Amino acid sequence: MRFIATGDWQLGMTAHFLSAEARPRYQRARLDAIRRIGELAAERDVDFVLVCGDVFESNQLDRAIVSRTFDVLAGFTVPVVLLPGNHDPLDASSIYDSPSFVSRQPAVVRVLRDSTPTEVVPGVEVVGAPWFSKRPLNDLVAAATEDLAEVPAGQVRIIAGHGAVSSLDPDRDSLATIDEAGLERLLGEDRAQFVALGDRHATYSAAERIWYPGSPEVTSRREDDPGNVLLVDIDAQTHAVDVEKIPVGQWAFTVIEADVDSDDDVAALETRLGEIPEKDRTAVWLILRGTLSTAAKARLDEVLDHAGDLFALVSVWERHSDIAVVAADEDFAGLGLSGYLEDSLDELAARATAEDPAAATAQDALGLLYRFARSGA
């Protein structure tokens, strides 16, 4: 028996940090990743696809998002099992009960609305732990599995949950933390053969048979292994399990750290950015530290402006960055500044080096003045 484990599709995610131009492309890419999962299911002859929570970004979405999702899922050749998570719980406003969902739900789509064992294909059942609110008051997975008996010979049982396991040091005040030791006992007693969990957006193995597949497209700059699904093989007779990680995502969120203290450092950063492939599907956050002359800082700004035209995002992570600008006399020599501009230069240079809350603003203004004067405008 073979199935694909995935989760945290979060369809409808706004990605507010991206530019207005890049945001629709990113949203489309999330749907394209789902389409690739369907193609993979057909290519690898899987029995079904299991989505472990947060299929949708929220319960309040435009119906067009549901329609587009179903248009993709209707092309799947195997059952698709959806588990409601913390983003899309089965509460009073559940998207799973909306007219746009109920009226157009494809035949292949099943929603785990309770913890009753669901036979997805003959001999294989899934026990789900759906969320009914955004703040459960107990371990939903433990509650869903406490009365499970040993799996009969020749059959397979899979647990589908959503949330943080205890070893991940989740919110200490949360009552919904998943008891990882309890799950390992469950597996050891052969009351289930595999546990697939959502909530963590990067692929992660909490134990040999307890896995987070992660989101099929990257969602955060700090995810260490996003953009994958899991292909899980379980022998119905021996209950042996094999897990294969398969990349399906096409976007990348990258953090680049660099020391910039000279023109050469700025040139090295430009080269580094230029070597990144698929720029229109890459968001870059820069952590920059150093001291630059006004001319070198102006050159850095030009490099970042150009990169911003190519990448989905180029942003200096201000909270972690620290760039000081020094107004060297040679930077402005030969630019022919006089009168008001020369007076402005002197004032800005004084403020830029002073212990002044406005020093950073003065440094930025120096850079603009330099670029303005150099352009001859």
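Computed from a predicted model, the values in this text were never measured in an experiment.

### Some remarks on the packing of helix α1 (residues 23-43) against helix α2 (residues 63-73)
Between α1 and α2, whose axes approach to 9 Å, the crossing angle comes to 25°. Put simply, α1 runs roughly parallel to α2. Here α1 and α2 pass one another in a crossing that is right-handed. Here Leu 31, Ile 34 and Arg 35 of α1 come into contact with α2, specifically with Arg 68, Thr 69, Val 72 and Leu 73. When grouped by side-chain class, the residues that make up the contact of α1 with α2 number four nonpolar, one polar and two charged.

### Considering the sheet that holds strand β12 (residues 241-247)
Note: strands within a sheet are paired through backbone hydrogen bonds, in either parallel or antiparallel orientation. The sheet built from six strands is open, its strands ordered β4-β3-β2-β1-β11-β12 with mixed pairing. Either end of the sheet is taken by a strand with one partner, and the two such strands are β4 (109-111) and β12. Across the sheet, the mean angle separating the axes of adjacent strands is 25° when strand polarity is ignored. Judged from the three bridges that link them, strand β3 (residues 80-82) and β4 form a sheet pairing that is parallel.

### So, the nonpolar core
Formed by 31 residues in total, the largest nonpolar core has its most connected members in Ile 4, Trp 9, Leu 82, Tyr 96 and Phe 101. Counting residues per element, the ones that place at least two in this core are α1, β2 (48-51), α2, β3, β4 and β11 (228-234). If you tally residues by element for this core, the top one is α1, at five residues. Leaving out residues up to four positions away in the same chain, Trp 9 has contacts with Arg 30, Ile 34, Ile 37, Val 51, Gly 53, Asp 54, Val 55, Leu 73, Val 80 and Pro 216. Counting residues in each nonpolar core, the second largest holds 21 residues, with Leu 83, Leu 112, Ile 158 and Val 232 among its members.

### Section: the side chain of Ser 100
Relative to the assigned elements, Ser 100 resides in helix α3 (residues 99-102). For Ser 100, the side chain forms a polar contact with the side chain of Ser 98, separated by 3.2 Å. Those residues in contact with Ser 100 that lie beyond four places of it in its chain are Arg 63, Val 66 and Phe 70.

Conventions used here
Residues numbered from 1 in each chain as written. Predicted model: local features only at pLDDT ≥ 70, side-chain atom pairs only at ≥ 80, totals over all residues. Heavy atoms only, no water. Axes fitted to C-alpha atoms, helices over the stretch in contact; angles between N-to-C directions. Helix = DSSP H or I, 4+ residues; strand = E, 2+ residues; numbered from the N terminus. Parallel < 35°, antiparallel > 145°, perpendicular 65-115°, else oblique. Left-handed = near helix turned anticlockwise from the far one by under 90°. Contact = heavy atoms within 4.5 Å. Nonpolar A, V, L, I, M, F, W, Y, C, P; charged D, E, K, R; others polar. Pairing = 2+ DSSP bridges. Core = buried A, V, L, I, M, F, W, Y, C linked by side-chain atoms within 4.5 Å. Buried < 20%, exposed > 50% of the residue type's maximum accessible area, 1.4 Å probe, protein only. Polar contact = N/O pair within 3.5 Å; in protein donor to acceptor, adjacent residues only side chain to side chain.

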